[in-house]
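A closer look at the structure
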Amino acid sequence: DSGVTQTPKHLITATGQRVTLRCSPRSGDLSVYWYQQSLDQGLQFLIQYYNGEERAKGNILERFSAQQFPDLHSELNLSSLELGDSALYFCASSPTGTGERVALHFGNGTRLTVT
Amino acid sequence: GEDVEQSLFLSVREGDSSVINCTYTDSSSTYLYWYKQEPGAGLQLLTYIFSNMDMKQDQRLTVLLNKKDKHLSLRIADTQTGDSAIYFCAFSDQTGANNLFFGTGTRLTVIP
């Protein structure tokens, strides 16, 4: 058990809808990362937050947004969903936001299916 | 950004050694990582190597780094059925943030 909790485990929704994925980091970790894993794109970094502030941005679409709350949990909001957004969404956490050695701890993911 | 390639599939017999390879383009990452993803689970850090090392051994795992050829490999000795999983090499982002760039992943199947 990595200590990172993601909810829900599975989500099925229709095109055009909006969903929110939730992540609770490991106790003591200040940084949260979101990744998207799809068959054709592999594992893609979306966005990172550190102690409530956006730290780095990757291949995140404008329809997607995220935030990290004062209690350090994070939410990833996906809107105007398209079939191609169907994927596994992973959250990871680490103790710090910068540094030489990155030790990411991953949750088990949320599987999103857009129909 | 980093361009990282791995073979998609590898099959080995139980008890044999497995070698999973990874080639990359950007060599500025200070640490290079191997992650394992079991079915239905997230990624788990297996091992890592500092970029000024050529080799690191950790029980059944051996990591080899050839910086000249930009080639990273993971050798699993005495492969077991429980080693069946997807293996990802990963490199840290050079912007100063902590995020990692992952390879395409290699699905290892261990045949009993």
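Structure's up top.
This write-up is about the structure you can find in this document. (Residues numbered from 1 in each chain as written. Chains lettered and ligands numbered in written order. Predicted model: local features only at pLDDT ≥ 70, side-chain atom pairs only at ≥ 80, totals over all residues. Heavy atoms only, no water.)

1. Focus on the sheet that holds strand β3 (residues 18-24) of chain B
Residue and element names in this part refer to chain B. Strand order in the open sheet formed by five strands is β1-β3-β8-β7-β6, with antiparallel pairing between adjacent strands. With partners counted over all chains shown, the strands left at the sheet margins are β1 (4-6) and β6 (55-58), one partner each. On average, each strand axis in the sheet is tilted by 15° relative to the strand beside it, whichever way the strands run. Sheet topology note: the β1/β3 ladder contains three bridges and is antiparallel. (Pairing = 2+ DSSP bridges. Helix = DSSP H or I, 4+ residues; strand = E, 2+ residues; numbered from the N terminus. Axes fitted to C-alpha atoms, helices over the stretch in contact; angles between N-to-C directions.)

2. A few points about the state of the cysteines
In the structure shown here, the tally under the stated rule is two disulfides over all chains. Between the sulfur of C23 of chain A and that of C91 of chain A lies a disulfide, 1.8 Å long from S to S. Here the S-S torsion is close to -55°, and the disulfide linking C23 of chain A with C91 of chain A is therefore left-handed. Linking C23 of chain A in strand β3 (residues 19-24) with C91 of chain A in strand β9 (residues 87-94), this pair joins segments that are 68 residues apart in sequence. The exposure class assigned to C23 of chain A is buried, which follows from its relative accessible area of 0%. Two residues share a disulfide in this structure: C22 of chain B and C89 of chain B, whose sulfurs sit 2.0 Å from each other. (Disulfide = S-S within 2.5 Å. Buried < 20%, exposed > 50% of the residue type's maximum accessible area, 1.4 Å probe, protein only.)

3. Here's the deal with unusual backbone geometry
With an omega of -10°, the peptide bond between T7 of chain A and P8 of chain A qualifies as cis. Summarising the element assignment, P8 of chain A is placed in the loop between β1 (5-7) and β2 (10-13). Positive phi values are uncommon outside glycine, yet L72 of chain A reaches one of about 80°. Summarising the element assignment, L72 of chain A is placed in the loop between β7 (64-68) and β8 (74-78). L72 of chain A gets classed as buried once you look at its relative accessible area, which sits at 16%. In the Ramachandran plot, D78 of chain B falls in the positive-phi region, its phi being about 50° despite a non-glycine side chain. Among the secondary structure elements, D78 of chain B is positioned in the loop between β8 (71-76) and β9 (85-92).

4. Details of the environment of T47 of chain B
All names here are of chain B. With respect to the secondary-structure elements, T47 resides in strand β5 (residues 43-50). According to the relative accessible area criterion, T47 is buried, its value standing at 3%. A sequence separation of 30 residues divides T47 from S17, and the C-alpha atoms of the two residues are 17 Å apart. The contact partners of T47, leaving out residues within four places of it in the chain, are L32, Y33, W34, K56, D58, L61, V63 and L74. (Contact = heavy atoms within 4.5 Å.)

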